[in-house]
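# A structural walkthrough
These are the residues of each chain, in order.
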Number of protein chains: 2
Amino acid sequence: MPASARARLARRLPQAATMFAALGDPTRLALVTRLCDGSRRSITQLCAGQPLTRQAISKHLRVLEDARVIRSERTGRESLYTLDPQPIGELRAYIDLVSSQWDDALARLKSFVEK
Amino acid sequence: MPASARARLARRLPQAATMFAALGDPTRLALVTRLCDGSRRSITQLCAGQPLTRQAISKHLRVLEDARVIRSERTGRESLYTLDPQPIGELRAYIDLVSSQWDDALARLKSFVEK
DNA sequence: CTCATATGCCACCTCCAGGTTGCATGTGAG
DNA sequence: CTCACATGCAACCTGGAGGTGGCATATGAG
C-alpha cells in the first residue's frame, strides 16, 4: 500500500543490485567475512589460504571496491583494504525495507481474514 | 575475537552467497521487490512491464526459487509465485552478523585507543 | 469438442565474469 | 645502488549466465 516505500525501493534498486552481486561470489563474500573484524589487510595477506592467484584476488577486491563495499588505501608499497560500514548498512536497510513491506502485507492479510 | 561467530559465518557462507547472487541481478531484484508486498503473481503477470521474454523471466524465477527466495505453487494452468520470508530473514541475519562483528571490532579499537 | 491461454522444455547464441600467465613499475631493505 | 617484494596492467582463455525462438503440453473458456 505505501507507494512511497515502493518508490524508495525502486530508486535504490540498481545500487542495491550491484552490492548484492558483489557479495554474490563466494570468494568475495569470504573476503568480506575476513575483513569484517575491522582489520586492514594487504592483498598478499588476503591471498593466504585461498587457492587463487594474487591477480584473481586483486580483481575481486577491485569489484568490491567499485561496489563501495570496501576501501583501499595505499601505504608504502602495499595497499591495505578495509571494510566500509556504510554500504553494508544500506544493504541492511534495503532488506529491512523488503521484509517490512512483507510484514505489512502479512498484517493486512491477517486483519482482512480476521474481519 | 569471537571465534564462534566467525565459524557460524563460514558455515553459512555458501548458502548466503547463492542468495546474494540471486538478488544480484537487477531483473531478479525487481521481481523480488514486486513480490515483497505479499502478493501471489503468475509468470505472465510478472512479465508485464518488463522488456524481456517470458522465458527470460521464467528462468530468473527458477533461479530465485533454487535460491529459496521465492516459492511457486501450481494452480490450474498457471503457477503462482510468492516471496518466502525465511531466507530473507537469514540474509538479514548474515548481514547483521557481519556488521555486529564490525561493530565489536570498532568498540574494541575504541576502548584500546582510549586506554 | 475446440480453441486460446499459460507454461515447460530444448536448442542455440552471445558476451562477460572469473581465472591464468607474463611483464612492468614502484618501493623498502641491505 | 641493488635486489627482493608488493602490486598494477594487458592479453588471453573458457564456462556459464542471460537472452531468444520454436515447439510441446496441460487446462480453462465457449
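Our structure's up above, just so we're on the same page.
Residue numbers here run from 1 along each chain, matching the order of that chain's written sequence. For naming, the first written chain is A and the first written ligand is 1, with later ones following in the order written. Only residues with pLDDT of at least 70 are given local features in this predicted model, and only at 80 or more are side-chain atom pairs given and counted; all residues enter the totals for whole chains, interfaces and linings. Water and hydrogen atoms were dropped before computing side-chain values, which therefore reflect all heavy atoms in the structure.

### What to know about the packing of aromatic side chains
To be explicit about the condition: Here the aromatic set is Phe, Tyr and Trp, taking the six-membered ring for Trp, and pairing holds for ring centres within 6.5 Å; pairs whose planes are under 30 degrees apart are stacked, those over 60 apart are edge-to-face, and all others are tilted. Comment: elements are numbered from the N terminus, with helices defined as DSSP H or I runs of at least four residues and strands as E runs of at least two. Burial status follows relative accessibility: with a 1.4 Å probe on protein chains alone, a residue under 20% of its type maximum counts as buried, one over 50% as exposed, and anything between as partly exposed.
All chains considered together, the criterion is met by 3 aromatic pairs over all chains. With 6.3 Å between their ring centres and 80 degrees between their planes, F20(A) and Y94(A) make a pair best called edge-to-face. Placement of the pair is F20(A) in helix α1 (residues 3-24) and Y94(A) in helix α5 (residues 85-114), with a sequence separation of 74 residues. Residue classification places Y94(A) among the buried positions, given a relative accessible area of 2%. Feature note: the residues F20(A), Y94(A), F20(B) and Y94(B) constitute an aromatic cluster, connected by ring pairs.

### Quick notes on the protein's contact with DNA strand C
Stated formally: We call a residue near a molecule or strand when any one of its heavy atoms sits within 4 Å of it. Distance and chemistry together define a polar contact, namely a pair of N or O atoms within 3.5 Å, with one atom able to donate a hydrogen and the other to accept it when in protein, and with adjacent residues in sequence counting only for side-chain atoms on both sides. Basically, the charged four are Asp, Glu, Lys and Arg, the nonpolar ten are Ala, Val, Leu, Ile, Met, Phe, Trp, Tyr, Cys and Pro, and anything else, Gly included, counts as polar.
As a matter of local geometry, DNA strand C sits amid 21 residues, with T53(A), Q55(A), K59(A), H60(A) and T44(B) nearest to it. For DNA strand C, the backbone makes up 61% of the atoms found within 4 Å of the protein, where backbone means sugar plus phosphate. At a separation of 2.3 Å, a phosphate oxygen of DNA strand C approaches a polar side-chain atom of T53(A). At a separation of 3.3 Å, a base oxygen of DNA strand C approaches a polar side-chain atom of R77(B). Elements with a minimum of two residues in the surface near DNA strand C: α4 (54-66) of chain A together with α3 (43-47), α4 (54-66) and β3 (78-83) of chain B. Across the surface near DNA strand C, the residue classes break down as 3 nonpolar, 9 polar and 9 charged.

### Some words on the relation of the copies chain B and chain A
The cut-off we apply is this: Copy-to-copy alignment: least squares on C-alpha atoms, limited to residues at pLDDT 70 or above in both. Contacts are assigned to residue pairs that have any heavy atoms within 4.5 Å of one another.
Structural alignment of chain B on chain A gives an RMSD of 0.0 Å, achieved by rotating through 180 degrees and translating 0.0 Å along the axis. Such a combination of turn and shift is consistent with a two-fold rotation axis. Looking at the interface residues of chain B, 97% of them are also at the interface in chain A, so both copies use one shared face.

### Observations regarding the protein's contact with DNA strand D
Around DNA strand D, 21 residues are found, and the nearest of them are T44(A), T53(B), Q55(B), K59(B) and H60(B). Close to the protein, within 4 Å, the atoms of DNA strand D belong to sugar or phosphate groups at a rate of 59%. Here S58(A) contributes a side-chain N or O atom positioned 3.3 Å from a phosphate oxygen of DNA strand D. With respect to DNA strand D, the side chain of R62(A) contributes an N or O atom lying 3.3 Å from a phosphate oxygen. Counting only elements with at least two residues in the surface near DNA strand D, the list comes to α3 (43-47), α4 and β3 (78-83) of chain A together with α4 of chain B. Partitioning the surface near DNA strand D into residue classes produces 3 nonpolar, 9 polar and 9 charged.

So far we have only geometry, and geometry alone does not tell us how the molecule works.
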